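# Structural description and commentary
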Amino acid sequence: MAIQTASGSQFARMFCLRPIQYAWFLGAGASAAAGIPTGYAMITDFKKRIFCELSGAKLKEVDADDPLWIERIDVFLASRSVMPPPNDPTEYATAFEAVYPTPEDRRNYIALAVERGTPSYAHRVLAALITTGRVPCLFSTNFDTLVETAATVTDQLVPPGERANLAVAGIDSAERATLALGEGRPLLAKIHGDYQSVHLKNTNKELQHQDEQMRNVLTGACTRYGLVVVGYSGRDASVMAALTDALSQPNAYPGGIHWVTRSAQGLLPDVRAFLEAADAAGVRITIVECQTFDELAADVLDGLAMPPKLDAHIGAFKAPAVLHPMPLPTKDYSAFPVLRCSAIPVFSMPTSARRVSTDKPLTTAQARQIVRDAGVWAIVASTGRDVVGFGEDEALLRAFEPVGGRMAGTVALSPTQDSWALGLLYDAVTRAVCRQRPIKARMRRQGHAVMAHSDSDKETAESRASRVSRQEKLRQAYSGALYGKTPHGYAFHEGVQLRLEQAADRWWLTFEPTTFVDLPYVEHVDDEPDADGNIERKRRVDPTIDWRRERWAKRYNDAWAAIIDAWANMLAGNGDGVLRATGVTEEQGIDAVFRVSHVTAWSRPSHDHAYFHRGR
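Computed from a prediction, not measured in an experiment: that's the story for all the values here. (Residues numbered from 1 in each chain as written. Predicted model: local features only at pLDDT ≥ 70, side-chain atom pairs only at ≥ 80, totals over all residues. Heavy atoms only, no water.)

### Looking at the overall build of the protein chain
Each helix and strand in the protein chain was counted, giving 21 helices and 23 strands. Expressed as a percentage of the 616 residues in the protein chain, the buried residues total 47%. Long-range contacts, defined as pairs at least 24 residues apart, comprise 70% of the intrachain contacts of the protein chain with a sequence gap of at least 6. Accessible surface for the protein chain amounts to roughly 31100 Å². Of this, 51% is attributable to carbon and sulfur atoms. (Helix = DSSP H or I, 4+ residues; strand = E, 2+ residues; numbered from the N terminus. Buried < 20%, exposed > 50% of the residue type's maximum accessible area, 1.4 Å probe, protein only. Contact = heavy atoms within 4.5 Å. Areas by Shrake-Rupley, 256 points an atom, 1.4 Å probe, with all protein chains shown as cover.)

Okay, structure coming up:
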């Protein structure tokens, strides 16, 4: 699909030129930061309940946040043919109706879910846009009252004559929506109703046919305004049909369609089909890649001037704390630690990297590809303006010479402030722990990992013997093979997921032991390449879930302690704890150098209890 993709900041620059020409369409994802469960979270909860009912498992025993449990639930439900496949457009409605068959139960479930929500930062920004006359109308599939609550507050911060007085209409008050749109008054239309409505649209039957009058309001707005879609997956066939029907109207979507998503690759087939049809009809289409509604709102606010009181109201927002500081104990109540953490301290890490300027800005994916094509060993990333990296200066210049590459000194690394810097350090530390060790890296957009190096036809007998010898401590900790074949015939490797995290005023390299299985990919002719040009193919349902679970089930505390100790020594080494990513000298260029310890973090109890004195 050859459709333009833009970042949140790029979209904001365009939007701020003339915000009044856009209507907004909000899905469940737009309310996620406000504490209201998304459609995906609700689907997961419903499927968990169906699984427990059919399998006899207890709800408290099933952790729906565990990917292995999710896979197990999907496999079980697929074997019973009681649910559509994952990501099917009817999955939400089918699951909801299966768990809560009556409209009253569904209404009560929605009420409990939405009453916990509080307007987020993005809702404050959106409300300020409404109050200042920059949003002519909004449509939402959500049942919550977050938008109107936020707009009521912002209206009170301006003089009475400047207030928007947002008109709110649901499926049981569609005439109000028709009047507001016709009179040009700010409108919020809830096309599935709100949680207080007698009529809510949740089930497949209810979602198949949009209320005709509300449908006309939606299609009518699409002939007057462009559309900004945020937090909407496109699962409702009736909504997608209404948006598609608008394409047949004269001058449809005059401001274009701007579909906000975390990744262009994650769009559902129905959304892709709609955007392709709109593109073919001559409508300007932009896929806006942005992680959250809050981030998009911040980009938009950065390009607009707000009245001082509204600006102060937005700036006063404080997100609910996820982590709460706890006082460190001042007294050791127990002589020995009781928990060993899978994390080793990072005493120091790179504070600067080489800067390379080019004739035009490059993305990180483009910079990496240039390095690969040149056969140069370096670790690079893009700041948005320049390329930064570690490696031999001469090699970096040779690689980027075709795009006007030239040395531009160094750049300071601030991983707490710049995501590109943290990404560069992730790449570097993963390469550093593997360098000259019998483990190999697996670099993925979802996260980096390292795993035990397996046998290779390219190894000599001597190098294989050396590798096996250096892996011996790991092998003893696992009490078995570090790699091989599963009973299903797939290759597996023991390894760890890596993360750089801050805690107790320092950086830590945390590692999570995992058994990696190489599963075949399902072939799809319409698969799209990712940002690196690689085609990400969908995997089959993992048949090795139970095998992996059983493999770890009998590894109790002693085994876990041995595994953590073995990996800590493997990652940090038994020497001085200095890790080098490329091995270049100061005369040759800049290397990524980390200094770590093989002694992991330990946790002690902060209180005394008889349990800690057992066996003494």
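### Considering the packing of helix 11 (residues 237-245) against helix 12 (residues 269-280)
Where helix 11 meets helix 12, the closest approach of the two axes is 10 Å, and the angle between their N-to-C directions is 5°. In this view, helix 11 runs roughly parallel relative to helix 12, as classed from their interaxial angle. Judged by residue contacts, Met-240, Leu-243 and Thr-244 of helix 11 engage Asp-270, Val-271 and Phe-274 from helix 12. Split by residue class, the contact of helix 11 with helix 12 holds four nonpolar, one polar and one charged. (Axes fitted to C-alpha atoms, helices over the stretch in contact; angles between N-to-C directions. Parallel < 35°, antiparallel > 145°, perpendicular 65-115°, else oblique. Nonpolar A, V, L, I, M, F, W, Y, C, P; charged D, E, K, R; others polar.)

### Focus: unusual backbone geometry
Phi at Ser-479 is positive, roughly 55°, even though this residue is not glycine. Counting through the fold element by element, Ser-479 comes out in the loop between helix 19 (472-478) and strand 17 (483-485). Using a relative accessible area of 68% as the deciding quantity, one classes Ser-479 as exposed. In this model, Asp-505 sits at a positive phi of 65°, which is unusual for a non-glycine residue. Tracing the chain through its elements places Asp-505 in the loop between strand 18 (491-503) and strand 19 (506-517).

### Some thoughts on the sheet that holds strand 1 (residues 4-7)
Ordered in space as 1-8-7-6-2-3-5-4, the eight strands form an open sheet in which the pairing is parallel. Each end of this open sheet is capped by a strand with a single partner; those strands are strand 1 and strand 4 (167-169). Sheet twist, expressed as the mean angle between neighbouring strand axes with direction ignored, is 20°. The pairing of strand 1 with strand 8 (residues 285-289) spans four bridges and is parallel. Across the sheet, the residue bridging to Gln-4 is Thr-286, located in strand 8. (Pairing = 2+ DSSP bridges.)

### Some details on the packing of aromatic side chains
The tally for this structure, following the rule as stated, stands at 17 aromatic pairs. Plain terms: the ring middles of Phe-15 and Trp-24 are 5.6 Å apart, the flat faces sit at 80° to each other, and that makes the pair edge-to-face. The same class applies to Phe-15 as to Trp-24, namely buried. Clustering of aromatic rings is evident, with ring pairs tying together Phe-11, Phe-15, Tyr-22, Trp-24 and Phe-293. Above the ring of Trp-69, the side-chain terminus of Arg-549 is found at 5.1 Å from the ring centroid. Its end group placed over the ring of Trp-552, Arg-555 keeps NZ or CZ at 4.4 Å from the ring centre. (Phe/Tyr/Trp six-rings, centres within 6.5 Å; stacked < 30°, edge-to-face > 60°. Lys NZ or Arg CZ within 6 Å of the ring centre and 35° of its normal.)

### A word on the pairing of strand 8
In terms of burial, strand 8 is largely enclosed, as four of its five residues are buried. Relative to strand 8, strand 7 (residues 257-261) runs parallel, the two sharing five bridges. Among the inter-strand pairings, Val-260 is bridged to a residue of strand 8, identified as Val-288. At this point the chain moves from strand 7, through helix 12, to the parallel strand 8, and the crossover so formed is right-handed. (Right-handed = clockwise from strand over helix to strand, strands pointing away.)

### Some thoughts on the nonpolar core
One recurring pattern in soluble globular proteins: nonpolar side chains tend to sit buried together. Counting residues in each nonpolar core, the largest one holds 49 residues, and the members touching the most others are Phe-390, Val-433, Val-450, Phe-511, Trp-567, Leu-571 and Phe-594. For this core, the element with the highest residue contribution is helix 17 (residues 419-434), accounting for 10 residues. In contact with Val-433, not counting residues within four places along its chain, are Ile-439, Val-450, Leu-498, Leu-509, Leu-571 and Leu-579. (Core = buried A, V, L, I, M, F, W, Y, C linked by side-chain atoms within 4.5 Å.)

### With respect to the side chain of Thr-219
Tracing the sequence through the fold places Thr-219 in helix 10 (residues 212-222). Looking at Thr-219, the relative accessible area reads 14%, which means it is buried. Setting aside residues no more than four positions away along its own chain, Thr-219 makes contact with Ala-242 and Ala-246.

### As for the state of the cysteines
Evaluation of the coordinates by the stated rule reveals zero disulfides. With no disulfide of its own, Cys-137 lies closest to Cys-222 among cysteine sulfurs, the gap being 8.2 Å. (Disulfide = S-S within 2.5 Å.)

### Remarks on the pairing of strand 13 (residues 387-392)
Most of strand 13 is tucked away: five of the six residues are buried. Pairing geometry for strand 11 (residues 352-357) and strand 13, over three bridges, is antiparallel. Each bridged residue has a counterpart across the sheet, and for Arg-355 the counterpart in strand 13 is Val-388. Bridging between strand 12 (residues 378-382) and strand 13 involves five bridges; their strand directions are antiparallel. Bridge pairing in strand 13 links Val-380 to Gly-389. What sits between the antiparallel neighbours strand 12 and strand 13 is a turn of four residues, in which Gly-384 has the positive phi angle 105°. Relative to strand 21 (residues 589-590), strand 13 runs antiparallel, the two being bridged by two bridges. Paired with Gly-391 across the strands is Ile-590, a residue of strand 21.

### Some remarks on the pattern of salt bridges
A complete count under the given rule lists 20 salt bridges for this structure. Arg-499 is the salt-bridge partner of Glu-512, the closest N and O atoms lying 3.7 Å from each other. Residue Glu-512 is found in strand 19, and its partner Arg-499 is found in strand 18; the two are separated by 13 residues along the sequence. Taking the relative accessible area as the measure of exposure, Glu-512 reaches 40% and is therefore partly exposed. Salt bridges sharing partners connect three or more residues here, namely Asp-455, Glu-459, Arg-464 and Arg-467. (Salt bridge = Lys/Arg side-chain N within 4 Å of Asp/Glu carboxyl O.)

### Describing the environment of Pro-37
Its place among the elements puts Pro-37 in the loop between strand 2 (22-26) and helix 2 (39-55). Placed 77 residues apart in sequence, Pro-37 and Val-114 show a C-alpha to C-alpha distance of 8.1 Å. Every residue in contact with Pro-37, bar those within four places of it in the chain, is listed here: Met-42, Ala-113 and Arg-116.

### Thoughts on the environment of Val-584
Structurally, the position occupied by Val-584 is in the loop between strand 20 (578-580) and strand 21. By relative accessible area, which is 13% here, Val-584 ends up buried. Separated by 191 residues in sequence, Val-584 and Asp-393 place their C-alpha atoms 9.4 Å apart. Setting aside its immediate chain neighbours within four residues, Val-584 contacts Gly-391, Glu-392, Gly-589, Ile-590 and Asp-591.

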